[in-house]
Amino acid sequence: AWGKMQDALQSVRQLEERVRERKEQLLEMEMVNGDQVDQVAHIRVLLEEVVAAEEERDQTRRLFQQHQEIWMEEETAFLREKLEVAREHEERVALAALEV
């Protein structure tokens with residue numbers, strides 16, 4: 001569960017970075033002097049990429065939020081089970097020491 005949550009969080013962060021990069025590129029292109037027709041066409045492509053990246057980021061973020069509670073519950077259950085196994089082991093060791 002922890003690994004799934006970390007993978008999803010990494011995806012969200014990567015998508016946020018992609019959105020940030022595309023917006024930065026868009027701002028840079030707006031400041032570039034040159035052939036305005038090419039510049040406008042490139043800006044339009046970047047705008048479409050920004051929108052697509054934002055939609056993907058938002059969808060991934062929603063999925064992350066939906067699954068985060070489940071993953072945390074699974075991780076908590078896993079840790080509880082490990083703790084219980086450790087306690088049982090300690091009890092067996094203590095009993096064995098008493099028998100000796």
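Note: the structure precedes this text.
The residue numbers shown here count from 1 along each chain, following its written sequence. For a predicted model such as this one, the threshold for reporting local features is a pLDDT of at least 70, and the threshold for listing and counting side-chain atom pairs is 80 or more; totals across whole chains, interfaces and linings nevertheless cover every residue. The basis for the side-chain values is all heavy atoms of the structure; hydrogens and waters are excluded.

(A) Representation of the nonpolar core. Membership of the largest hydrophobic core is limited to 5 residues, which are Met 5, Ala 8, Val 12, Phe 64 and Trp 71. Numbering of helices and strands starts at the N terminus; helices are DSSP runs of H or I of at least 4 residues and strands are runs of E of at least 2. Those elements that provide at least two residues to this core are helix H1 (2–31) and helix H2 (36–99). By residue number, the principal contributor to this core is H1, which donates 3 residues. Each residue touching Val 12, except ones within four places of it in the same chain, is listed here: Arg 57, Thr 60, Arg 61 and Phe 64. Nonpolar core, defined: a set of buried Ala, Val, Leu, Ile, Met, Phe, Trp, Tyr and Cys residues in which side-chain atoms within 4.5 Å join the residues together. Remark: exposure states derive from per-residue accessible area (1.4 Å probe, protein chains only) relative to the maximum for the residue type, with buried under 20%, exposed over 50%, and partly exposed in between. Pairs of residues are marked as contacts when any of their non-hydrogen atoms sit within 4.5 Å.

(B) Highlighting the side chain of Arg 57. By the element assignment, Arg 57 lies in helix H2. Arg 57 sits in the buried class, given a relative accessible area of 15%.

(C) Expanded view of the environment of Gln 59. Here Gln 59 shows up in helix H2. Residue classification places Gln 59 among the partly exposed positions, given a relative accessible area of 46%. Spatially, the C-alpha atom of Gln 59 lies 9.1 Å from that of Val 12, the residues being 47 residues apart in sequence.

(D) Structural context of a negative patch on the surface. A surface patch of negative charge is lined by Glu 84, Glu 88, Glu 90 and Glu 91. Take Glu 90: it is sitting in helix H2. To count toward a patch, a residue needs a relative accessible area over 30% and no salt bridge; like charges are then connected within 9 Å, while nonpolar side chains (Val, Leu, Ile, Met, Phe, Trp, Tyr) are connected within 5 Å. In short, Shrake-Rupley with a 1.4 Å probe defines the accessible areas, and a residue's cover is counted only from the protein chains shown. Whenever a carboxyl oxygen of Asp or Glu lies within 4 Å of a side-chain nitrogen of Lys or Arg, that contact is scored as a salt bridge. Here Asp and Glu are counted as negative and Lys and Arg as positive; His is not counted, and neither are the chain ends. Here the site of a charge means NZ on Lys, CZ on Arg, CG on Asp, or CD on Glu.

(E) Broad picture of the pattern of salt bridges. By the definition in use, this model includes 8 salt bridges. Linking Arg 22 and Glu 49 is a salt bridge whose minimum nitrogen-to-oxygen distance equals 3.0 Å. Taken together, the residues span a long stretch of sequence, with Arg 22 in helix H1 and Glu 49 in helix H2 at a distance of 27 residues. Judged by its relative accessible area of 29%, Glu 49 falls in the partly exposed class. The closest approach of N and O atoms between Lys 23 and Glu 54, which form a salt bridge, is 3.1 Å.

(F) How the structure looks around the packing of aromatic side chains. For Phe, Tyr and Trp, where Trp contributes only its six-membered ring, two rings pair if their centres lie within 6.5 Å, and the inter-plane angle classes them as stacked under 30 degrees, edge-to-face over 60, or tilted in between. Scanning all chains against the criterion turns up 1 aromatic pair. Both rings, one in Phe 64 and one in Trp 71, keep their centres 6.2 Å apart while their planes meet at 55°; by these two values the pair is tilted. The burial state of Phe 64 is the same as that of Trp 71; both residues are buried.

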